[in-house]
Amino acid sequence: MYSVETLAADLRRLGVQPGETLLVQSSTRAIGAVAGGSAAVVAAVREVLGPHGTLVVYTATPENSDTSPLDAARTAGLDPAGLRAFRASMPAFDRARTPASPSMGRIAEEVRTTAGAVRSAHPQTSFTALGPKAERLMAGHRLTCHLGEQSPTHRLYQDGARALLIGVPLWCCTPFHLAEYWQPEQVTQRYGCVVRDERQRRQWVHFDALRLEVRHFEALGQVLGAELPSVREGVFGAAPSFLLPVAEAVDHVNKWLRNRWS
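Engineer: How do you make sense of the overall build of the protein chain when you look at a structure like this?
Structural biologist: For the protein chain, the helix and strand inventory stands at ten helices and nine strands. Relative to the 2.2 N^0.38 estimate, which gives 18 Å for 262 residues, the radius of gyration of the protein chain is 19 Å and therefore close to what a compact globule would have. Overall, the protein chain is about 55 × 50 × 35 Å in size when its C-alpha atoms are taken along their principal axes. Every one of the 262 residues in the protein chain was classed for burial, and the buried ones make up 52%. Carbon and sulfur atoms provide 53% of the accessible area of the protein chain, an area that totals close to 12,200 Å². Within the protein chain, one finds 28 positive and 25 negative side-chain charges whose respective centroids are separated by 4 Å.

Below is the structure:
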């Protein structure tokens, strides 16, 4: 069983530095048994980052959507009455109370519920941060910009942050989506989610924004490790892990995507 101390040692071997900004995406199951569970994992990361470091996680809520692939899967086969009932039962996004999607992993929810955590405001693609840069990194997450330049994704890029993927494939690094906003051909789609207005009344909001894709990233992940020498590999507990600089990796993804268009 892993302890805070052994996990902190793994982070140091991977190259995590005190004082840095670190986006963590993780699979708790891949880590193995940890004394203290997800709280101990967060404690290990914060111990290594120290008081001047900032921990960031992705606390997205695709369940809060009537246009996501997850929604399509959950509503498949419903008749009109069943669909209306399903939509009516969907809870409105609450920045302070809505849990991160289970698909984001337990660590994301652990950080979200930690005292002092700051969450960005987007009802579908929020991030949460702990540390001295949390307020600045999480501010101004525009509704029509899920993962673009008016989101924490771009602030991580600008800040010189690194991403730590724990038991997660390299191609799943969420900031890679930032490069999609820089491509010459832009495809938008209609999105929808349920929120609360200024009077706390439940309402649906629909908006047009960039269509985000994941299909092309899986192929990229097979070559990124070889083409980007700054990617570090190691283990965290039992989980194969990657540590990479966000800006350098996103720039590489941008060039790779542009080559696909040419």
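Engineer: Please clarify how the environment of glutamine 222 should be interpreted in this entry.
Structural biologist: Positionally, glutamine 222 belongs in helix α9 (residues 215–227). A sequence separation of 53 residues divides glutamine 222 from proline 169, and the C-alpha atoms of the two residues are 9.6 Å apart.

Engineer: Explanation requested: helix α8 (residues 152–159) in the structure shown.
Structural biologist: Within an α-helix, residues lying three or four positions from one another point in the same direction, as the helix has 3.6 residues per turn. Burial analysis of α8 places seven of its eight residues in the buried class, the great majority of the element. Taken residue by residue, α8 has Pro152, Thr153, His154, Arg155, Leu156, Tyr157 and Asp159 as its buried positions. Trailing α8 by a residue or two, glycine 160 shows a phi angle of about 75°, which is positive.

Engineer: I would appreciate a short explanation of the pairing of strand β6 (residues 188–196) in the present structure.
Structural biologist: Consecutive side chains along a regular strand alternate between the two faces of the sheet. Alignment of β6 against strand β7 (residues 202–210), held across nine bridges, turns out to be antiparallel. Its bridge partner being in β7, arginine 196 is matched across the sheet by arginine 202. Linkage of β6 to β7, two consecutive antiparallel strands, is achieved through a turn of five residues, within which glutamine 200 is found at a positive phi near 65°.

Engineer: How should I be thinking about the side chain of glutamine 25 in this particular structure?
Structural biologist: Structurally, glutamine 25 can be placed in strand β1 (residues 21–26). Here glutamine 25 falls in the buried class, since its relative accessible area comes to 11%. Apart from the residues within four sequence positions on either side, glutamine 25 is in contact with Leu164, Leu165, Ile166, Val168, Cys172, Cys173, Thr174 and Pro175.

Conventions adopted
Residues numbered from 1 in each chain as written. Predicted model: local features only at pLDDT ≥ 70, side-chain atom pairs only at ≥ 80, totals over all residues. Heavy atoms only, no water. Helix = DSSP H or I, 4+ residues; strand = E, 2+ residues; numbered from the N terminus. Rg over C-alpha atoms; globule rule 2.2 N^0.38 Å. Buried < 20%, exposed > 50% of the residue type's maximum accessible area, 1.4 Å probe, protein only. Areas by Shrake-Rupley, 256 points an atom, 1.4 Å probe, with all protein chains shown as cover. Lys, Arg positive; Asp, Glu negative; His and termini not counted. Charge placed at Lys NZ, Arg CZ, Asp CG, Glu CD. Pairing = 2+ DSSP bridges. Contact = heavy atoms within 4.5 Å.

None of this, on its own, says anything about what the molecule does.
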